[in-house]
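Here is what each chain is made of, one letter per residue.
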Amino acid sequence: MSDQYTSREQRRKQKENSKRGRGKQKGDKGKKSLFKRVLAIILLLGVICFVVGVGTFAYIASTAPELDDAKLTDPVSSVILDKNGKEITELGGEKRELVTYDEIPDKVKNAFIATEDVRFYKHSGIDFYRIGGAAVANVTSGFGAEGASTITQQVIKMSVLTPEKTVTRKVQEMWLALQLERKYSKEEILAMYLNKIDYARSQVFGVKKAAEFFFGKDLDELTLEEAALLAGLPQAPGAYDPYTHPDRAEKRRNTVLNLMAKHGFASKEEVEKAKQVPVTKSLIPIDEQEETDGEYTTFIDEVVKEVKQKTDVDVYSAGLKIHTTLDTDAQDYVDELLSTDNMVNWPDDKFQAGFTVVDTKTGAIRAVGAGRNRVARGLSFATGVNRQPGSTIKPILDYGPAVENLKWSTYHQLKDEPYEYSDGTHIGNYGGNYHGTVSIRKALEQSYNIPALKTFQAVGADKAREFGTDLGLNLPDPITEAYSIGGFSGGVTPTQMAGAYSAFGNNGVYNTPHTVTKVEFPDGNVMNLSPESDSVMHDYTAYMVTDMLKDVVKKGTGKAVSVPNATVAGKTGTTNFSKEDREKYNIPSSASPDAWFVGYSPNYTIAVWTGYESIEKGKYYMDTSQELGMAKQIFSKVMTHVSEDVKDEDFKKPSSVSEVTVEKGSANPGRLASKYTPDSAKVTELFVKGTEPSKVSKTYEKKAEEKEKEEEEKEEKKEDSNVKKPSGLSASYNKASNQIVLNWNYSGNTDGVSFRVSSTVDGQTGSSTTTNGTSATFEASSPNGNYTFTVVAVNSSGDESDGASTSLRIGTGDGSAGTDEETDDNNQDDQQGTRPEDEQPSEDDSGSDDENNNDNTNDEQNNEQPTPTQPTTPPSGNNGNDEGTDDGTGGTTETPTTPDTGGGQGTTTPTQPDEGTETPTTPTQPETAQ
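For the structure given in this document, a descriptive report is provided here. (Residues numbered from 1 in each chain as written. Predicted model: local features only at pLDDT ≥ 70, side-chain atom pairs only at ≥ 80, totals over all residues. Heavy atoms only, no water.)

## Quick notes on the overall build of the protein
- Each helix and strand in the protein was counted, giving 24 helices and 25 strands.
- A total of 930 residues make up the protein; the buried ones form 48% of that total.
- Considering only contacts within the protein whose residues lie at least 6 apart along the sequence, 68% involve residues at least 24 apart.
- For the protein, the accessible area works out to roughly 45,800 Å², and carbon and sulfur atoms hold 46% of it. (Helix = DSSP H or I, 4+ residues; strand = E, 2+ residues; numbered from the N terminus. Buried < 20%, exposed > 50% of the residue type's maximum accessible area, 1.4 Å probe, protein only. Contact = heavy atoms within 4.5 Å. Areas by Shrake-Rupley, 256 points an atom, 1.4 Å probe, with all protein chains shown as cover.)

Printed below as a string of structure tokens:
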């Protein structure tokens, strides 16, 4: 049984193994079959893609324009139009000097072939080998050592097609290159190429013209290093320009020399010898170049560069119609200002200025001030020279970012005090002064350095750099704290600064400054070159910075700027020499290499740089008020001119900004002024809506309470020290002596008290006297008349009491005397007198007897001080005080009356002047900033 069992088990295992073997064979066959299917699908897709690609290539190629012999050999002029579409000039091939293949020396041909297309004589218009090897060459020999396009393709690109970088254009370029190779010889194609090159210098195009311009030589006179320089420039003629960038030009020339050695066009010894020659050695000095005829040359220079940069087209041969932003009236004014002494007095012949006039709303460049005595396609101080911006950078890297990111108000307080950079280096203000706690408005207005640095630190270098780069500045990463006050390692151009500032005047919208709006090609295609607008900051930031910069012009460092027909905001800026340069060239510490003014209205923005070209060339610094003020003077002149026919308008405050009146000196974020705050301690500042202060200052409320209490105490003291009013005044007439005798009572302290007695007769001023007693005698000057007498008590301090008055009427006919007809009926004729004044009605009373009786109240209890009914005449001997008395009679004098016979002192004394009302003093104001 066991044997049978073993046999059955073996047979079963054999069957299972057999099945597994058959399954494995089937699996292997399945995998092979799947691979074949995938391969077939890939091949099919490849065939389909090839067919589609060929079909697409054929279709695109069929839409390519025909080869035009005239365009290939004869350049077509381009037309330049101003902002209104009016033609201003034509740039074209009639100035090109053509050369045949046989006239080109081998060293020149070899330099270009080694650089641009080393397999030129081997391919048929398209170098597929080079397309694959270009990437490797750029890595091993440096970027730009070799390109993918052949010389044949470049001829097509410069002659026939638009420069747009699309697949369609590239396919058409390759197709037409094949056609060109079929129609023309290699020699003819190479000559076409060498005659079409744009060297971006004074309308220099073509290798023959370039040799004459740069070296003053014919082609056959060029040295190896000169030929290499000409071959290296076309890749980027502006970047490798030997006049403005000699270091770059020399490096590029040496790359060409290395390629010539690599490909066997020159020996290593020749190349090494050529590399030792400075690139500037055989250049004709730029100031000896012949200036190109024609108008608006410096502006057209910028147009040519911009079109080249954006389209990669040779303006002088492409037959373009170029629409520019040029304002010919503005450019004419700028050219005259820079070329004559008619508008400004230039300090000397070497003094330079560069500036750009930009449309604030669009970024369109309306005029370019390239500099004094500039040649066409030469160095431009408006666009080609980078200088440190000084304090003009503060709105861009300090206060603008603070308002944008931290929502600081224009009132935000900072302390101007001795301070240091984070590395411990001292920083100071101009003049070495400190100003305590000030607002950022005040700090910007007066261009204090320390608050600017503190603001930069509060914002952070990264946020400040981001804000600046958004405004078109080329800033390194990272930037240091010295950038906060314009201490750049590189610099900026006036065009860049004009673009940056224009965004503040345009509600925070930035437009790249540009000279071209669109280009029309000969084939009818139109390329729009206007840059897109970019909102780079909140409208509240733009407006609040602008409002502070308006104060710079009104009362700050820019107050010398005068533009009568436009609302202007702006900022000044000056820079310092390094310690090394001051010592090396013996430069005064007060001298500046750069002076700026950048400003804008709602319509125009102008950035002006002034200074000298370089330290090495004669005069190189500014140290007089005339020199340092030239930037502001130029700005004023140009802004006034361009604004003449433009309606003046102010910058419009957005709804995101609130105007709030705060109390000066209150801490951040400021406190609202109270009803007690005097106007002198109030200031209206701008706040981002939602960040306004809510607390009301109590500083002056407490002071007001203290002052009120002080006034009350003073009033009480005054009342306590008041001079008592005389009482019981009576007058009697002695007919025998023809005298009137006055008597009165006085209840106050008589120490130092005198009495001034005055009289009127029938309404006319009569005699007056002063006495220390309580009686006085007057001679009756008229036998018939109405007499009124007033007695006033005066203390030694000059304080006066209210006046006590009485009237007396002397009768007629029988010579009897009577009292005033309003005197109490109880008076006796034989007494010839009157009752006391406090029982008599006032001379001014005109009411009924009942009303008069109601007035018989003790005047000592009456706080109201009545106006005297008649002015008094001051006595003589007033110690020279002719300024006038309390009665307003202008200081006239009167002969003293007869001394009192009734025992009173009749001697006259000068009348005392009125004590004026005390004016409340203004509380001391805390130090604040406007």
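## Focus: helix 18 (residues 494–504)
- Where burial is concerned, most of helix 18 is hidden: 11 out of the 11 residues are buried.
- Regarding helix 18, the residues found buried are Pro494, Thr495, Gln496, Met497, Ala498, Gly499, Ala500, Tyr501, Ser502, Ala503 and Phe504.

## So, the pattern of salt bridges
- Applying the stated criterion across every chain, the model contains 22 salt bridges.
- One salt bridge connects Lys217 with Glu226, and the closest N-O pair in it is separated by 2.9 Å.
- Classification of Lys217 by relative accessible area gives partly exposed; the value is 22%.
- It is possible to trace a salt-bridge network through shared partners that takes in Arg441, Asp547, Asp551 and Glu685. (Salt bridge = Lys/Arg side-chain N within 4 Å of Asp/Glu carboxyl O.)

## Digging into unusual backbone geometry
- A cis amide bond links Asp477 with the next residue in sequence, Pro478, at an omega value of 5°.
- Within the chain, Tyr296 stands out as a residue other than glycine whose phi angle is a positive 60°.
- With respect to the helices, strands and loops of the structure, Tyr296 is situated in the loop between helix 11 (268–275) and helix 12 (297–311).

## Thoughts on the side chain of Thr515
- Within the secondary structure, Thr515 sits in the loop between strand 10 (509–510) and strand 11 (516–520).
- Take Thr515: its relative accessible area is 1%, and that puts it in the buried class.
- Apart from residues lying up to four places away in sequence, Thr515 is in contact with Phe299, Glu302, Val303, Glu306, His323, Thr324, Thr325 and Ile365.

## Observations concerning the sheet that holds strand 2 (residues 87–91)
- Sheet architecture is open: five strands sit in the order 2-1-3-11-12, paired in mixed fashion. Taken across any chain shown, the strands that pair with only one partner, and hence form the sheet edges, are strand 2 and strand 12 (526–528). Direction aside, the axes of adjacent strands within the sheet are offset by 20° on average. (Pairing = 2+ DSSP bridges. Axes fitted to C-alpha atoms, helices over the stretch in contact; angles between N-to-C directions.)

## Notes on a nonpolar patch on the surface
- Residues Leu34, Val38 and Ile42 make up a contiguous nonpolar surface patch of about 260 Å² in total accessible area.
- Relative to the elements of secondary structure, Leu34 occurs in helix 1 (residues 2–62). (Patch = residues over 30% accessible without salt bridge, like charges linked within 9 Å, V, L, I, M, F, W, Y side chains within 5 Å.)

## Observations concerning the packing of aromatic side chains
- Counting across every chain of the model gives 21 aromatic pairs.
- Geometrically, the ring pair formed by Tyr501 and Tyr600 is edge-to-face, given 6.2 Å between the ring centres and 70° between the ring planes. Placement of Tyr501 in helix 18 and of Tyr600 in strand 15 (residues 594–600) is noted, with a sequence separation of 99 residues between them.
- You can call Tyr501 buried: its relative accessible area is 0%.
- A cation over a ring is seen here: Lys454 above Tyr419, with NZ or CZ 4.9 Å from the ring centre. (Phe/Tyr/Trp six-rings, centres within 6.5 Å; stacked < 30°, edge-to-face > 60°. Lys NZ or Arg CZ within 6 Å of the ring centre and 35° of its normal.)

## Thoughts on the sheet that holds strand 19 (residues 727–734)
- Read from one edge to the other, the open sheet built from three strands follows the order 19-20-23, with strand pairing classed as antiparallel. Across the chains shown, the open sheet's two edge strands, defined by having one partner strand only, are strand 19 and strand 23 (775–779). On average, adjacent strands in this sheet sit at an angle of 15° to one another, irrespective of strand direction.
- Where strand 20 (residues 739–745) and strand 23 come together, five bridges link them in antiparallel fashion. Residue pairing for strand 23: Ile740 is matched across the bridge by Phe778.

## Here we look at a negative patch on the surface
- A surface patch of like charges, here negative, comprises Glu295, Asp329, Asp332, Glu336, Glu644 and Asp645.
- On the basis of relative accessible area, Glu295 is assigned to the exposed category, the value being 53%. (Lys, Arg positive; Asp, Glu negative; His and termini not counted. Charge placed at Lys NZ, Arg CZ, Asp CG, Glu CD.)

## As for the nonpolar core
- Residues Ile322, Ile396, Leu471 and Met497 are the most contacted members of the largest nonpolar core, which totals 86 residues.
- Here the element with the most residues in this core is helix 19 (residues 539–555); it accounts for eight residues.
- Setting aside residues no more than four positions away along its own chain, Met497 makes contact with Pro389, Thr392, Ile396, Leu473, Val492, Trp596, Val598 and Ala607.
- Counting residues in each nonpolar core, the second largest holds 55 residues, with Tyr101, Ile113, Phe214 and Leu230 among its members. (Core = buried A, V, L, I, M, F, W, Y, C linked by side-chain atoms within 4.5 Å.)

## Things to note about the environment of Glu306
- Relative to the helices and strands, Glu306 is located in helix 12.
- Here Glu306 is in contact with His514, Thr515 and Val516, once residues within four sequence places are set aside.

## So, the packing of helix 8 (residues 207–215) against helix 9 (residues 224–232)
- Taken N-terminus to C-terminus, the directions of helix 8 and helix 9 make an angle of 120°; their axes are 11 Å apart at the nearest point. When the axes of helix 8 and helix 9 are compared, the pair comes out oblique. The crossing of helix 8 and helix 9 is right-handed. Residues Val207, Ala210, Ala211, Phe214 and Phe215 of helix 8 lie in contact with helix 9, whose contacting residues are Glu226, Leu229 and Leu230.
- Partitioned by chemical class, the residues of the contact of helix 8 with helix 9 number seven nonpolar, no polar and one charged. (Parallel < 35°, antiparallel > 145°, perpendicular 65-115°, else oblique. Left-handed = near helix turned anticlockwise from the far one by under 90°. Nonpolar A, V, L, I, M, F, W, Y, C, P; charged D, E, K, R; others polar.)

## Section: the pairing of strand 16 (residues 604–611)
- The buried fraction of strand 16 is high, at eight of eight residues.
- Neither face of strand 16 is exposed, since Tyr604, Ile606, Val608 and Thr610 on one face and Thr605, Ala607, Trp609 and Gly611 on the opposite face are all buried.
- When strand 4 (residues 352–359) meets strand 16, the two strands line up antiparallel, connected through eight bridges. Following the sheet pairing, Gln352 is matched in strand 16 by Gly611.
- Note that strand 15 and strand 16 share seven bridges and pair antiparallel.

## Considering the pairing of strand 4
- Burial analysis of strand 4 places eight of its eight residues in the buried class, the great majority of the element.
- Every second residue of strand 4 is oriented toward a common face, with Gln352, Gly354, Thr356 and Val358 on one face and Ala353, Phe355, Val357 and Asp359 on the other, all of them buried.
- Looking at chain direction, strand 4 and strand 5 (residues 365–369) are connected through four bridges and run antiparallel. Residue pairing in the sheet places Thr356 in a bridge with Val368 of strand 5.

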